[in-house]
Structure formats: structure tokens, C-alpha cells
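# Fold and contact review
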Amino acid sequence: MEHEPQAQNTLAGGSEKRRRPRYPGTHPRQFEQRYKELDPEAHPEIQEHVRAQGRTPAGTHVPVLLNEVMDSLAPAPGEIVADCTVGYGGHAVEFLRRIAPNGRLIGFDVDPVAIEKARARLARVGGSFSLHRGNYAGIGKLLASERLAGYDIIFADLGVSSMQIDDPARGFSYKHDGPLDMRMDARIRSTAADLLATLSFEQLSSALAVLGDEPDHERIARRIVQQRASHPIARTSDLVRLILDAKGLARRAWRQPAVSGAGGIHPAALTFQALRILVNDELAALSQLLRMAPYCLRTGGRIGIISFHSGEDRLVKHAFKDGLRAGVYAAVCEEVVRPSPQELRANPRSAPAKFRWARKPHSEH
Ligand code: SAH
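Residues numbered from 1 in each chain as written. Predicted model: local features only at pLDDT ≥ 70, side-chain atom pairs only at ≥ 80, totals over all residues. Heavy atoms only, no water.

Working note: regular strand, side chains alternate between the two faces of the sheet. The buried fraction of strand β4 (residues 151-157) is high, at 7 of 7 residues. Where strand β1 (residues 80-83) lies against β4, 3 bridges are found, and the strand directions are parallel. Bridge pairing links Asp 83 to Phe 155 in β4. (Buried < 20%, exposed > 50% of the residue type's maximum accessible area, 1.4 Å probe, protein only. Helix = DSSP H or I, 4+ residues; strand = E, 2+ residues; numbered from the N terminus. Pairing = 2+ DSSP bridges.)

What follows is the structure in C-alpha cells.
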């Protein structure tokens, strides 16, 4: 759980002055060229400009369902909050403000880049917080090491951040060429490329079906097994090409709205999502969190989870409903909470988000 110092990968910082990266035309296109977006401190006006276009500035993340989360979980002064997925700190900053002056925020993230960015943002808010590079499945152990009786709020905003998706070097995006890595935590052994090289046809096909809801899971899995016999599938662009071939789509066809289908989802999106969940063993961590949460919450404590995929939402919904039936929780949300039309317009990336919450009884029986 110890934080390990890690070299920053942004263009900002460092003592030597760097020249502005050169790019053709009037606007930067590549992630690395967006040096103004990557350094929000130096160029705050660029952040607003990019957000007004419904885009996420490079190297940042726009928090989803922020008001809904705060309204439902109602953080109060003096409370102890665990933000399991601190990311860029969007929710954490708001929690920290609301639990001031005597509250305490404990944040987790497996990604050291996220921890460093969030640390800088939280430090500007002030108040008591500690950030831990580690899997949120360890929230129980942390209570013991920090000598706390329990959390008042446990919050998780699952999946990857825009910071991770938009950086081509991380390999999460079908939009940019990069190595097929997809590890949120560099300590994980197998990258997406490793899994594509070693899993059987059955394993691949079922992962795409279960974790991606990909209707063409068999065809894509068969292609992977065929192709890897002659060429390793090592780059995001290799995988995108393979998926388009397996679906019988022309290489550039997905750019046309008619082919992208309802909601404009890219033909490779579901496969990329399934691989990412598999590489990072995301459902196992979520199941562990849901199992541990009732023991880690104080009386009257609340848990809230934002998920972006039907498999995750199903786990959350059942854990809360079962908890209600067993008397572990006193109340759970009746309906799933979704982004408002305004939020969808301002941040289209919020579209798949689903939020659910549960509350423990105010007194133990
Ligand atoms: N709420 C944040 C965004 C969170 S994005 C904000 O508004 O800024 C999700 C983050 O969770 C990512 O940074 C990812 O690295 C992290 N993450 C995903 N699974 C995790 C796990 N099992 N344990 C800890 N962190 C995890």
C-alpha cells in the first residue's frame, strides 16, 4: 500500500525549459502535442475552452455524476471518507471540501500517475487526507493500519480515467496506435498483448461475451487465434484492424455514423473494454469491495458506486439488494441514477455511467 515515488510522464515540470512541441497546422492533434492542456496550472483558460466543446482536456478527467453522488452520500463535516478510485481527484476534492474542517479522506488508486496528480489537487484544498497506491480491495486492511473504527462513506468510480484512456502509451484506446498494454498498475504481470498471445479460443470468446457484451465474440476470438499463429497482436492498431476484419467492416467504414450504430459506439469498443477488465481483474476487485464494505462502514455509513458496464452494475445491484434483505443495509437506492441531459451534453463520456448507493442502519441491533 506504500506509495512509490514515480517519474512524472507529463511535459510539465522539470527544471530545464522545453521548447513548445511543433505540430503541423494550427491545432495540436496528438496527445503529446497538447502541452497546454497537459499543464492546467500554466494554462487555465485552455481547460475551459476545451470543456466548453464537450471534450476532456488531455491529461485530466471530468468527474461524472458529481452532484448526484454528493446529494446521495451527503458527506458531512468531520466524516471519514474512502475514495476507492481517486483518479484525477474530481470527487475527492469535493468530498474533502464537504468534510472540512475535521474530516479525513483516504484515497486509493493503483495508478501512481493518478495518485500524484490527485495529491497536488487535494493539497490545494487543504484538510486531512492520505493517498495510497494500491488496490481498493485492501480498504479493510487500511482501517487497521490507520487505527480507524470504520468509514462513514465508501465511494468508487470504477474503470479507467480519461487520463489513462487518452494517453496512447497506455494502450487503452482504439483511437490511437500504441502498445497493447492496458495495465492500470505496472506491477500486473500480463499485458493485453500477453493475454491475446496465450488465452485459448474458449477463454477469449467467453471474456468478450461476458465482460464486453460483444455480439461477435466468437468471430473475433477465432481471428485472434488464427492471426497470432503468424503475427503477434502487439499494438492497438493491430487489434482494431483484426476486429474490423472479423466484423466484415471496411477499414475506414466505422468513421461513418451508419456503421457505428446507435450511440456511435466504435466496433472495437466492446473488445477493448473486455480486455481491460480482464487484464486488471476488475470484477474480482469489485466483488471483494462489495463483500468487505459492510464490515468497513460505521453505523449510518453510506456506500456509493459508479459503474460503466452491465456486469459491474449487476454485481453492485445484487450486493445492495441482498444486503437490504439481510438487514446489513437499512436503505438502498430504488432506481439507478444516470447522467442528466445537461451532463451528457457537457461530457459525452459520462453516457454509460450508472450510480447506486446503500446505507447501513443508524444503530446496531
Ligand atoms: N473519480 C475520479 C476518476 C476515477 S477513474 C475523478 O473524478 O477524477 C478510475 C480510477 O480508478 C483510475 O485512476 C484507475 O487507475 C483506478 N482504479 C481502477 N481499479 C482500481 C482498483 N481495483 N483499485 C484502485 N484503483 C483502481
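Here the focus is the packing of helix α13 (residues 282-296) against helix α14 (residues 310-326). Running from amino to carboxyl end, α13 crosses α14 at an angle of 15°, the nearest separation of the two axes being 10 Å. Considered as vectors, α13 and α14 are oriented roughly parallel to each other. For the element pair α13 and α14, the recorded crossing hand is right-handed. From α13, Glu 282, Leu 283, Leu 286, Ser 287 and Leu 290 reach across to α14, where they touch Glu 312, Leu 315, Val 316, Ala 319 and Phe 320. (Axes fitted to C-alpha atoms, helices over the stretch in contact; angles between N-to-C directions. Parallel < 35°, antiparallel > 145°, perpendicular 65-115°, else oblique. Left-handed = near helix turned anticlockwise from the far one by under 90°. Contact = heavy atoms within 4.5 Å.)

Right, let's get into the site of the ligand. As a structural note, the neighbourhood of the ligand is formed by 23 residues, with His 91, Asp 109, Tyr 136, Asp 157 and Gln 164 the closest of them. Interatomic distance of 2.8 Å between a side-chain N/O atom of Asp 157 and a nitrogen atom of the ligand. Burial of the ligand by the protein chains amounts to 97% of its free accessible area of 580 Å². In terms of residue class, the shell around the ligand is made up of 9 nonpolar, 11 polar and 3 charged. (Near = heavy atom within 4 Å. Polar contact = N/O pair within 3.5 Å; in protein donor to acceptor, adjacent residues only side chain to side chain. Areas by Shrake-Rupley, 256 points an atom, 1.4 Å probe, with all protein chains shown as cover. Nonpolar A, V, L, I, M, F, W, Y, C, P; charged D, E, K, R; others polar.)

The next point concerns the sheet that holds β1. A sheet is described by the order of its strands in space; here 7 strands give the open sequence β3-β2-β1-β4-β5-β7-β6, paired in mixed fashion. In the strand order of this sheet, the two ends are held by β3 (128-133) and β6 (331-332), each with one partner. The pairing of β6 with strand β7 (residues 354-359) spans 2 bridges and is antiparallel. Considered in β7, the bridge of Ala 331 is made with Arg 359.

When strand β2 (residues 104-109) meets β3, the two strands line up parallel, connected through 6 bridges. Looking at the pairing, Leu 105 lines up with Phe 129 of β3. Each parallel crossover has a hand, and the one from β2 via helix α4 (residues 112-125) to β3 is right-handed. (Right-handed = clockwise from strand over helix to strand, strands pointing away.)

A separate point is the packing of helix α2 (residues 66-73) against helix α3 (residues 90-99). Packing of α2 against α3 leaves a shortest axis separation of 11 Å and a crossing angle of 40°. By the criterion of interaxial angle, the relationship of α2 to α3 is oblique. By crossing handedness, the relation of α2 to α3 is classed as right-handed. Here Leu 66, Val 69, Met 70 and Leu 73 of α2 come into contact with α3, specifically with Gly 90, His 91, Glu 94, Phe 95 and Arg 98. The class makeup of the residues in the contact of α2 with α3 is 5 nonpolar, 2 polar and 2 charged.

Before going further, it helps to examine the packing of aromatic side chains. Aromatic rings in a pair are described by how distant their centres are and how their planes are angled relative to each other. Under the defined criterion, the tally for this structure stands at 3 aromatic pairs. Arranged with centres 5.7 Å apart and planes meeting at 75°, the rings of Phe 320 and Tyr 329 form a pair that is edge-to-face. (Phe/Tyr/Trp six-rings, centres within 6.5 Å; stacked < 30°, edge-to-face > 60°.)

Quick look at unusual backbone geometry now. The peptide bond linking Ala 100 to Pro 101 adopts the cis configuration, its omega dihedral lying at 5°. Among the structural elements, Pro 101 can be located in the loop between α3 and β2. Positive phi is not limited to glycine here, since Met 182 has a value of about 70°. Looking at where Met 182 falls in the secondary structure, it is placed in the loop between α6 (162-166) and α7 (192-198). Although it is not a glycine, Asp 213 sits at a positive phi angle of roughly 50°.

Taking 1.5 Å of rise per residue, 12 residues should cover 16 Å, and helix α9 (residues 217-228) covers 17 Å from first to last C-alpha, within 8% of that figure. Buried within α9 we find Ile 220, Ala 221 and Ile 224. Summarising the axial view, the buried residues of α9 lie within an arc of 100°, below the 170-degree limit, and thus occupy one face. Where α9 is buried, its residues meet α7, α8 (201-212), α10 (236-246) and α12 (269-279). (Expected span 1.5 Å × (residues − 1). Arc of directions from axis to C-beta.)

Residues Leu 180, Met 182, Leu 196, Leu 239 and Phe 272 are the most contacted members of the largest nonpolar core, which totals 31 residues. Sorting the residues of this core by element identifies α7, α8, α9, α10 and α12 as the ones contributing at least two each. No other element matches the 6 residues that α10 contributes to this core. Not counting residues up to four positions away in its chain, the partners in contact with Leu 180 are Gly 171, Thr 191, Ala 192, Ala 193, Leu 196, Ile 233, Ala 234, Arg 235, Thr 236, Leu 239 and Phe 272. In terms of nonpolar packing, the next biggest core, distinct from the first, is built from 28 residues, Ile 80, Phe 108, Tyr 136 and Ile 305 among them. (Core = buried A, V, L, I, M, F, W, Y, C linked by side-chain atoms within 4.5 Å.)

It is worth spelling out the confidence of the model for the protein chain at this point. Atom-level detail of predicted coordinates should not be read off regions where pLDDT is low. When the pLDDT values of the protein chain are averaged, the result is 88; 85% of them are 70 or greater. Within the model, the stretch residues 1-16 combines pLDDT values under 50 with 26 contacts to residues more than four positions away or in other chains. The low-confidence segment residues 256-262, where pLDDT is below 50, has 5 contacts with residues more than four positions distant or belonging to other chains. (pLDDT = per-residue confidence, 0-100.)

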